[in-house]
Amino acid sequence: MAVTSGLSLSSHSQSDPARSPWAPSWPLLVGLGVFIWLALFKAEPLLSDPDTHWHITVGNWILQHGTVPHVDTYSFTFAGQAWIAKEWLSQVVLAGAYDLGGWGGVGALAAAAVAATFALLLRLLLRDLTPFPALLFTVAAFALTSAHFLARPHVLAFPVMLWWVAGLVRAVEERRAPKPVLLVAMVLWANLHGGFTLGLVLAGAMALDALVAAKDRTERRTLFVAWAKFGVAAALAACVTPYGPESMLVTLRIFGLGDALATISEWRSPNFQQQPMQELILLVALYLALSRGLKLPLVRLLIVLGLAHLFLRYARNAEILAMLAPLVIAPVLARQWPALRPTTEARGWPVMLARPAGRGLLALCLAVAALLAAGLVRFGAVTAPEATTPSAALEFVHKAGLKGHVFNHYGYGGYLIESGIPTFIDGRGELFGGDFIKRYVDAAYLHGETSLEAVLDQYQIEWTFLSKDLPANKLLAHLPGWRLAYSDDQAMIFVRGR
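Presented here is a report on the structure given in the accompanying data block. Since this is a predicted model, take the numbers as computed values, not measurements.

Considerations on the overall build of the protein chain
Tallying secondary structure elements over the protein chain gives 20 helices and four strands in all. The globule rule puts the C-alpha radius of gyration for 498 residues at 23 Å, and the 25 Å found for the protein chain is close to it. Its C-alpha atoms give the protein chain principal-axis dimensions of roughly 80 × 50 × 50 Å. Of the contacts formed within the protein chain by residues at least 6 apart in sequence, a portion of 74% connects residues at least 24 apart. Once the 38 positive and 33 negative side-chain charges of the protein chain are each reduced to a mean point, those two points are 11 Å apart.

Thoughts on the nonpolar core
The biggest cluster of nonpolar side chains holds 99 residues, and the ones touching the most others in it are Trp-164, Leu-168, Trp-227, Leu-324 and Leu-327. Here the element with the most residues in this core is helix α4 (residues 88-125); it accounts for 16 residues. Setting aside its immediate chain neighbours within four residues, Leu-168 contacts Pro-178, Leu-182, Gly-199, Leu-202, Ala-203, Met-206, Trp-227 and Phe-230. If you look at the next biggest cluster of nonpolar residues, it comprises 60 residues, including Val-58, Val-68, Ile-437 and Leu-466.

Comments concerning the pattern of salt bridges
Across all of its chains, the model carries 17 salt bridges by this definition. The residue Arg-170 makes a salt bridge to Asp-128 at a minimum N-O spacing of 2.9 Å. Of this pair, Arg-170 sits in helix α6 (residues 153-173) while Asp-128 sits in the loop between α4 and α5 (131-145), and the two are 42 residues apart along the sequence. Its relative accessible area of 9% is what places Arg-170 among the buried residues. For Asp-128, a relative accessible area of 4% puts it in the buried group. One salt bridge connects Glu-266 with Arg-316, and the closest N-O pair in it is separated by 3.3 Å. Of the two residues, Glu-266 sits in the loop between α10 (246-255) and α11 (276-291) while Arg-316 sits in the loop between α12 (298-313) and α13 (318-336), which places them 50 residues apart along the sequence. In terms of burial, Glu-266 and Arg-316 fall into one category: buried. Several salt bridges converge on common partners, so that one network encompasses Asp-49, Asp-51, Arg-152, Glu-266 and Arg-316.

Description of the side chain of Asn-408
You can see Asn-408 is positioned in strand β1 (residues 405-408). Within the local environment of Asn-408, its side chain forms a polar contact with the backbone nitrogen of Phe-424, the two atoms lying 2.7 Å apart. Every residue in contact with Asn-408, bar those within four places of it in the chain, is listed here: Gly-413, Leu-416, Thr-423, Phe-424, Ile-425, Tyr-440, Phe-465 and Leu-466.

A word on the packing of aromatic side chains
Inspection of every chain in the model, using the stated rule, returns 24 aromatic pairs. Ring centres of Trp-164 and Phe-230 lie 5.6 Å apart, and the angle between their planes is 25°; on these two criteria the pair is classed as stacked. A residue pair is termed long-range when its members are at least 10 positions apart, and Trp-164 in helix α6 and Phe-230 in helix α9 (residues 217-237) qualify at 66 residues. Taking relative accessible area as the criterion, Trp-164 reaches 0% and is therefore assigned buried. On the accessibility criterion, Phe-230 (6% relative accessible area) is buried. Aromatic rings pair up to connect Phe-76, Phe-78, Phe-407, Phe-424, Phe-432, Phe-436, Tyr-440 and Tyr-459 into one cluster.

Comments concerning the packing of helix α7 (residues 182-192) against α9
In the contact formed by α7 and α9, the axes pass within 8 Å of each other and the chain directions differ by 30°. Relative to α9, the element α7 is oriented roughly parallel. The two elements α7 and α9 cross, and the hand of that crossing is right-handed. Counted together, Leu-182, Leu-183, Met-186 and Val-187 of α7 and Phe-230, Ala-233, Ala-234 and Ala-237 of α9 form the full contact between these two elements. Residues that form the contact of α7 with α9 fall into these classes: eight nonpolar, no polar and no charged.

Some words on the pairing of strand β4 (residues 491-496)
In terms of burial, β4 is a largely internal element, five of the six residues being buried. Two elements, strand β3 (residues 482-487) and β4, share five bridges in a ladder whose sense is antiparallel. Within the sheet, the bridge partner assigned to Leu-484 lies in β4 and is Phe-494. A loop of three residues connects β3 with β4, the two strands running antiparallel in sequence.

A look at the environment of Arg-428
Within the secondary structure, Arg-428 sits in the loop between α17 (413-418) and α18 (429-445). The sequence separation of Arg-428 and Ile-254 amounts to 174 residues, and the corresponding C-alpha distance is 9.4 Å. Ignoring sequence-local partners within four residues, the contact set of Arg-428 consists of Trp-54, Asp-72, Tyr-74, Ser-75, Trp-83 and Ile-417.

A few points about the sheet that holds strand β2 (residues 461-467)
Sheet architecture is open: four strands sit in the order β1-β2-β4-β3, paired in mixed fashion. What marks the edges here is a single partner per strand, and that holds for β1 and β3. Mean inter-strand twist for the sheet, computed between neighbouring axes without regard to direction, equals 25°. The pairing of β2 with β4 spans five bridges and is antiparallel. Within β4, the residue paired with Trp-463 across the bridge is Val-495.

Cut-offs applied
- Residues numbered from 1 in each chain as written.
- Predicted model: local features only at pLDDT ≥ 70, side-chain atom pairs only at ≥ 80, totals over all residues.
- Heavy atoms only, no water.
- Helix = DSSP H or I, 4+ residues; strand = E, 2+ residues; numbered from the N terminus.
- Rg over C-alpha atoms; globule rule 2.2 N^0.38 Å.
- Contact = heavy atoms within 4.5 Å.
- Lys, Arg positive; Asp, Glu negative; His and termini not counted.
- Charge placed at Lys NZ, Arg CZ, Asp CG, Glu CD.
- Core = buried A, V, L, I, M, F, W, Y, C linked by side-chain atoms within 4.5 Å.
- Buried < 20%, exposed > 50% of the residue type's maximum accessible area, 1.4 Å probe, protein only.
- Salt bridge = Lys/Arg side-chain N within 4 Å of Asp/Glu carboxyl O.
- Polar contact = N/O pair within 3.5 Å; in protein donor to acceptor, adjacent residues only side chain to side chain.
- Phe/Tyr/Trp six-rings, centres within 6.5 Å; stacked < 30°, edge-to-face > 60°.
- Axes fitted to C-alpha atoms, helices over the stretch in contact; angles between N-to-C directions.
- Parallel < 35°, antiparallel > 145°, perpendicular 65-115°, else oblique.
- Left-handed = near helix turned anticlockwise from the far one by under 90°.
- Nonpolar A, V, L, I, M, F, W, Y, C, P; charged D, E, K, R; others polar.
- Pairing = 2+ DSSP bridges.

Nothing here speaks to function; it is geometry throughout.
What follows is the structure in structure tokens.
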């Protein structure tokens, strides 16, 4: 049954030769709509992550030197220690967008990546489902992940992630190993974003699913050999980076941060009081699954539960659950409820829009998007939000000629790197390690075992550059030998002995 379904879906997804070159399609309309919305109304929020600044700085360093870094040169606390730019390809792309179009170019790039992601997600779902459930999944995924739309490497890797997982699922459905061309996705993913390690884990899980679903021992043996070969090839493909297998070890270092992960906002559990839509979507999905009697094969059920766990444990993994779970369960839905399965005999404009767009309209939409991106760069006056780029405070630093070591706010680390000032700490958690991050948090928030005074003395801090709401500022205002040199709505600067 799986093979027949796979063949019929494949034929359904092929272009109709008689189809008009101006024929619209759901993926095209969704992709264009998402791009226009983000470019016109969300360009600056896309730039609200402080890490974007150091990603661009590293990308420009790579472009200038023609190689990748192997040691830290951006902090004074860990200067000279081993560090790799595991997301070097994304950093180069971000730097190129910034060099060509400034912050408007970076915003347009991120908007294009998000738009391509949801257009691709919908196209993939339409292979298994009729338009309504496919659109429902896509809209839910958009709402669940919108808080994580940022100009960072993970956004550039979204389409490749979908390509990889869809290829794995299709292979299981057609009772074969994934096609070798899918290894290209792994090579790209490994150079774009560290999340490729999850891709390797999912490959193993889908291989197990294929073996469990095998009809007999002979088929199981054949599938085992085929998937084993693909698994080895995928692991080797993941090593095709400037750093070889070392990129895979960074994931272990990040999870090795332990309790310090909870001090970084994106590594905390989701806050449903701030994101009520996420809770609503999860409750609706749970209601539909229970009320409609959805039955998932054991391995796929475990995969979905694993994706849900990753999201409930770390808010940054919203896209993993929202985008990948639908791809995993869509073929099962089509088998359990045949009415959800697309057929070539169906008629009506919703079904017509499920087919690929005409080439003429596709070219026109790409041209419109390009013009909008050019307008955003030329006339949008897009800048990074002041919350992560306290420009007035930094201007004071330069005018006052502040030198020496700085004790900086975690969220200002990327901006300081961009400005050429060595940081105390920044967003590269795998470099600093859990113990150092915990000591920083204890000192900056005045709790725990590490005192602010001890940190200031140990690292010979000459000035501080902290957000105005940090508790450390209140203590600095009363510490002997320290005085307030600058304050505005965003930042406060204290200097020692002046």
